Amino acid sequence: MTENVLITICLLLLCTIVFCDISNNEIEQCNLPKKIKDEIASYAPVVEKIINETVYGKYKGTTYDHLADFIDKFGNRIAGSSNLENAIDYMLNKSIQFNLENVHGEKVQVPHWVRGKESATLLEPRYQSLAMLGLGSSIGTPPEGIRAEAVVVKSFDELKNISKKVKGKIVVFDQEYVSYGISVQYRDYAASTSASYGGVATLVRSITPFSLNTPHTGWQDYNDNITKIPTACITVEDANMLRRMYERGEKIVIELKMEAKNLPPATSRNTVGEIVGHSEPQKIVIISGHLDSWDVGQGAMDDGGGAFLSWNSAVILKALGLRAKRTIRTILWTAEEEGLVGAFAYVKAHKNETKNLNFVMESDEGTFTPHGLKYSGIPDVGCILQEILNLFPTINATQLQQPADGAPDLTEWLQEGIPGASLLNEAERYFWFHHSAADTMDAENPEALDKATALWASVAYIVANLSFDMPRNSTDYLHKV
Ligand SMILES: [Zn+2]
């Protein structure tokens, strides 16, 4: 996931941590009519069938196998690369091969940033090569590199306090990891903030709670009207070491070389396939993940897992003959990592469909063992989803939380009040791998993917097939059902 919408995500994360777990009380206050509860409960046999086929039967292991085929074939897939476009072609063909309907790509212009060769070398007080990754959208250095003395700060406030010492220096940020949503501001704004005090480059401690000396890349944003300076991430271990040296008063000199370039925008595509609804096809339930990734590791976890969870859910529903009243549409977003570029373009191009979006789902915060869903929407959406989740005790996926903060591509729709959900899963280790060379197939697990697929497919099918729409504003009609 990316963080173009930093403030929103910060609020969402704070919200999650502090007060937004659905308490038993709140669920007890649900006042759904018995008829609705009975209707949802009547899906127990369908859920049992989907779980049996996906977790134990014919489709056991298929989400993992499809994903592994794809990952081994393409590896990582950054926006603007021919590798991503080849991967999109492959998914379009595969969607047709697996009988999805209305399969097509929707074109969108995406940023095209290329990393090139890069290195950071500690020259004083001693020689050491520093593991690093340039940050997305960063400019490069001159060919001979930037060689400068470094200052080390823990925060933007600390930088401000020593602002007179910053001119001509490389600024190293050794900020504490609080949470991804809060700490990522240092990756996003280190360069422009440092440049405003005369800094010549920045090195930012990777945004991760755990490190085996692995740098974690990600997008960064330059402010308009401030000199652009090169910016990269370094490992937690090296950031800590540089801080210790700095606090001892040792002179630190670093040489940074980066060939990074921003090329003209490229054409990419959002990948779309459907199971057309049998009686209300104009109404849509979306299941999604993003197909692009960073240019390191394999993008198996971020977001290969989420993309294939959604894609294979549609494939399994189709194969099982489970065609719902409403249309189930799977979307594999492009250029999520560069600031939700594919999703923003899609929302704009599909404005006339917004009123018909019944429910939107994305998984982009890991596909580890599922526990349930995280949702956004009015309280009755939670009440309905909890009734649905009560059908999943056998795979232990009955928990409901809010908001749906693992669904960055849905940001605009969720802010508009369209009800939606992301996957609640055992994502505690998600940011260990995120945007690093460690994001490989080894972060994925076949059993966890099977359970997540069974849950995801079942929820999408039930919501798409209910006799009533998911409520957005008023729930009056629910009580007249
Ligand atoms: Zn992602």
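The structure we're discussing is the one just above.
One structure accompanies this document, and this report is about it. What you see is a predicted model; the values in this text were computed from it and never measured. (Residues numbered from 1 in each chain as written. Predicted model: local features only at pLDDT ≥ 70, side-chain atom pairs only at ≥ 80, totals over all residues. Heavy atoms only, no water.)

1. Side note on the pattern of salt bridges
Right, so step 1: This model, assessed by the stated rule, comprises 22 salt bridges.
Right, so step 2: Between Lys318 and Glu101 there is a salt bridge, with its nearest N and O atoms 3.0 Å apart. With Lys318 in helix H10 (residues 300-319) and Glu101 in strand E1 (residues 101-114), this pair connects stretches of sequence that are 217 residues apart.
Right, so step 3: For Arg243, the salt bridge is made with Glu158, and the minimal N-O distance between the two is 3.4 Å. Placement of Arg243 in helix H9 (residues 236-247) and of Glu158 in helix H7 (residues 156-161) is noted, with a sequence separation of 85 residues between them.
Right, so step 4: Several salt bridges converge on common partners, so that one network encompasses Lys154, Glu158, Asp174, Arg205, Arg243 and Glu247. (Salt bridge = Lys/Arg side-chain N within 4 Å of Asp/Glu carboxyl O. Helix = DSSP H or I, 4+ residues; strand = E, 2+ residues; numbered from the N terminus.)

2. What to know about the packing of helix H5 (residues 62-74) against helix H15 (residues 446-465)
Right, so step 1: The N-to-C vectors of H5 and H15 enclose an angle of 115°; their axes lie 7 Å apart at closest approach. In this view, H5 runs roughly perpendicular relative to H15, as classed from their interaxial angle. Residue-level inspection shows Thr62, Thr63, Tyr64 and Leu67 of H5 in contact with H15, the latter providing Pro446, Leu449, Asp450 and Thr453.
Right, so step 2: Here the residues of the contact of H5 with H15 sort into four nonpolar, three polar and one charged. (Axes fitted to C-alpha atoms, helices over the stretch in contact; angles between N-to-C directions. Parallel < 35°, antiparallel > 145°, perpendicular 65-115°, else oblique. Contact = heavy atoms within 4.5 Å. Nonpolar A, V, L, I, M, F, W, Y, C, P; charged D, E, K, R; others polar.)

3. Regarding the pairing of strand E6 (residues 170-173)
Right, so step 1: Going residue by residue along E6, you find Ile170 and Val172 tucked away on one face and Val171 and Phe173 tucked away on the opposite face as well.
Right, so step 2: In terms of strand pairing, E6 meets strand E7 (residues 201-205) through four bridges, oriented parallel. Its bridge partner being in E7, Ile170 is matched across the sheet by Ala201.
Right, so step 3: In this fold, E6 hands off to helix H8 (residues 180-195), which returns the chain to E7; that crossover is right-handed. (Buried < 20%, exposed > 50% of the residue type's maximum accessible area, 1.4 Å probe, protein only. Pairing = 2+ DSSP bridges. Right-handed = clockwise from strand over helix to strand, strands pointing away.)

4. Comments concerning the sheet that holds strand E2 (residues 118-124)
Right, so step 1: Strands sit in the order E3-E2-E9-E5-E6-E7-E8-E4 across an open sheet of eight strands; the sheet is mixed. The open sheet terminates on both sides in strands that have one partner only, identified here as strand E3 (128-130) and strand E4 (132-134). The average undirected angle you get between the axes of adjacent strands in this sheet is 30°.
Right, so step 2: When E4 meets strand E8 (residues 231-234), the two strands line up antiparallel, connected through three bridges. Across the sheet, residue Leu133 finds its bridge partner in E8, namely Cys233.
Right, so step 3: Along the sheet, H9 makes contact with E2, E3, strand E5 (146-153), E6, E7, E8 and strand E9 (253-258), crossing E5 at roughly 85°.

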